[in-house]
Amino acid sequence: TPRIFSGIQPSGGLTLGNYLGALKRFAALQGQGAETIYCLVDLHAITVWQDPETLRRNIREGAAAFMASGVDPAQSILFNQSQVSAHAEMAWLFNTVARVGWMYRMTQFKDKAGKNSENSSLGLLAYPALMAADILTYQATAVPVGEDQKQHLELTRDIAAKFNHDYQTEHFPLTEPLIEGVATRVMSLRDGSKKMSKSDPSDASRINLTDDADTIAQKIRKARTDAEPLPGSIEGLKDRPEARNLVNIHAALSDETPDQVLARFEGQGFGAFKPALADVAVAALEPISRRMGEYMADPAEIDRILGQGAVRADEVATPILESTKEIMGLLRSR
Ligand code: TYM
């Protein structure tokens with residue numbers, strides 16, 4: 001059976017981008033005939049320093065966000081990465097397969113490391129090898145992500161292909177990225193050329209999963225737009241990135257195509273569109289933040305679910321890790 005794997009960093013403050021580009025799709029992929037494995041990648045989070053108590057809370061809050069978005073731990077394996085040691089071990093094996101030059105080419109590394117890249121953690125550079133390990137330790141066949149992870153998934157395929165070539169095997173699948181739908185790149189509410197991101201200094205640029213109804217409505221009201229009326233189809237928004245973004249967000253939230261949304265607003269301005277968008281956003285997000293709060297009220301239950309998920313993940317991962325070591329000639333005698 002096909003196996004789907006994906007992960008989210010528990011580095012605090014999930015956004016509407018994470019929800020539409022990832023969480024909502026993770027939930028929709030359940031019960032569709034594939035095994036679904038979802039992970040809070042805490043080992044990735046610590047590639048930049050995290051306050052320990054805050055990190056632990058963010059891992060639990062991330063788990064709450066998965067479940068509040070519809071990921072069901074009975075249908076999917078839900079766990080945090082550091083509880084399954086195969087990830088870190090496989091990452092080391094891949095550190096010997098991947099090339100240093102591949103890592104320096106990653107745009108996420110360049111963005112996160114900034115000017116002083118010599119002073120970034122070695123883990124930040126090796127980050128994509130750990131990501132490949134996440135995926136390939138399960139021999140996952142497909143990975144749902146937003147557009148910004150495309151380069152990392154190409155590198156995952158490069159690592160799989162080089163391993164298969166170097167060891168003359170077909171051990172690892174060439175994993176397919178699943179970058180589908182109208183919300184694979186949700187843009188900032190303040191600047192249609194920038195991705196919506198938890199690291200943007202302006203809180204008005206994003207909708208957080210924990211924002212209340214008033215905050216959501218206010219951020220949408222203040223979102224940057226233009227003065228033109230809306231066209232009847234998305235084609236007409238080619239050169240209007242802010243307008244296109246809002247229409248795409250609406251379509252993703254209401255499970256319509258952008259053209260279906262525009263059919264209702266053709267000829268109207270944002271004075272009519274924004275309140276309607278605020279309504280669908282609040283209707284979709286308010287239950288999620290409420291359910292997150294309910295899960296967070298019982299952290300012991302979250303820990304139990306993540307622990308159980310880790311045991312199940314381990315059962316899938318360990319045999320694949322062991323066969324990988326075997327292929328590489330590492331001696332096992334116990
Ligand atoms: P992360 O934690 O930055 O983001 C989690 C998921 O949310 C998507 N996303 C977006 N989608 C649409 N619009 C946006 N503005 C937006 N912002 C974020 C991301 O594309 C991602 O799907 N390296 C990964 C985590 C990771 C992973 C993995 C993913 C580690 N191992 C294995 C898949 C498989 C990351 O930093 O995602």
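Our structure is the block above this text.
If you're wondering where the values come from, they're calculated on a predicted model, not measured in any experiment. (Residues numbered from 1 in each chain as written. Predicted model: local features only at pLDDT ≥ 70, side-chain atom pairs only at ≥ 80, totals over all residues. Heavy atoms only, no water.)

**Student:** Describe the site of the ligand, naming the residues involved and giving the relevant values.
**Tutor:** Lining the immediate environment of the ligand, one finds 26 residues, of which Tyr 127, Asp 134, Gly 146, Asp 148 and Val 186 sit closest. Side-chain polar atom of Asn 18 to an oxygen atom of the ligand: 3.1 Å apart, as the coordinates give it. Asp 134 has a polar side-chain atom sitting 2.6 Å from a nitrogen atom of the ligand. When the ligand sits alone it has 720 Å² of accessible area, and the protein chains cover 96% of it. The site holding the ligand turns out to be the largest pocket. When contributions to the shell around the ligand are tallied by element, the ones reaching two or more residues are strand S1 (3-8), helix H1 (16-28) and helix H7 (122-136). (Near = heavy atom within 4 Å. Polar contact = N/O pair within 3.5 Å; in protein donor to acceptor, adjacent residues only side chain to side chain. Areas by Shrake-Rupley, 256 points an atom, 1.4 Å probe, with all protein chains shown as cover. 1 Å grid on protein atoms, 1.4 Å probe; cavity = no way out; pocket = protein on both sides within 12 Å on 5 of 7 lines; lining within 4 Å. Sits in = over half its atoms within 2 Å of the grid points. Helix = DSSP H or I, 4+ residues; strand = E, 2+ residues; numbered from the N terminus.)

**Student:** Explain empty space enclosed by the protein to me, and be specific about the residues and the numbers.
**Tutor:** Throughout the structure, instances matching the rule amount to two cavities of 30 Å³ or more. When its volume is computed, the largest cavity comes out at roughly 100 Å³. Surrounding the largest cavity, 13 residues form its lining, Gly 12, Gly 13, Leu 14, Glu 61 and Gly 62 being those nearest its centre. The element contributing the most residues to the lining of the largest cavity is helix H3 (residues 52-68), with three residues. Of the residues in the lining of the largest cavity, the class split is six nonpolar, six polar and one charged. Each of two domains, domain 1 (3-178 + 298-328) and domain 2 (203-293), supplies a minimum of three residues to the lining of the largest cavity. Around the second largest cavity sit Gln 108, Phe 109, Lys 112, Leu 124, Tyr 127, Pro 128 and His 152, which together line it. (Points joined across faces, edges and corners; volume = space filled by probe spheres on them. Nonpolar A, V, L, I, M, F, W, Y, C, P; charged D, E, K, R; others polar. Domains from an automatic or database assignment.)

**Student:** I'd like a rundown of the packing of H3 against helix H13 (residues 299-328), residues and numbers included.
**Tutor:** For the pair H3 and H13, interaxial distance at closest approach is 10 Å and the crossing angle is 80 degrees. Between H3 and H13, the crossing angle belongs to the class labelled roughly perpendicular. Packed against H3, whose contacting residues are Ile 59, Arg 60, Ala 63, Ala 64 and Met 67, the element H13 presents Pro 299, Ile 302, Asp 303, Ile 305 and Leu 306 at the interface. The residue makeup of the contact of H3 with H13, split by class, is eight nonpolar, no polar and two charged. (Axes fitted to C-alpha atoms, helices over the stretch in contact; angles between N-to-C directions. Parallel < 35°, antiparallel > 145°, perpendicular 65-115°, else oblique. Contact = heavy atoms within 4.5 Å.)

**Student:** Lay out the packing of aromatic side chains in plain terms, naming residues and giving numbers.
**Tutor:** This structure, assessed with the given rule, holds 11 aromatic pairs. Here the aromatic rings of Phe 26 and Phe 66 are separated by 5.8 Å at their centres, their planes lie at 20 degrees, and the arrangement is stacked. Note that Phe 26 is positioned in helix H1 and Phe 66 in helix H3, a separation of 40 residues in sequence. Consider the rings of Phe 163 and Tyr 167, whose centres lie 4.8 Å apart with planes at 40 degrees: the pair is tilted. What links up through ring pairs into an aromatic cluster is the set Phe 94, Phe 163, Tyr 167 and Phe 172. (Phe/Tyr/Trp six-rings, centres within 6.5 Å; stacked < 30°, edge-to-face > 60°.)

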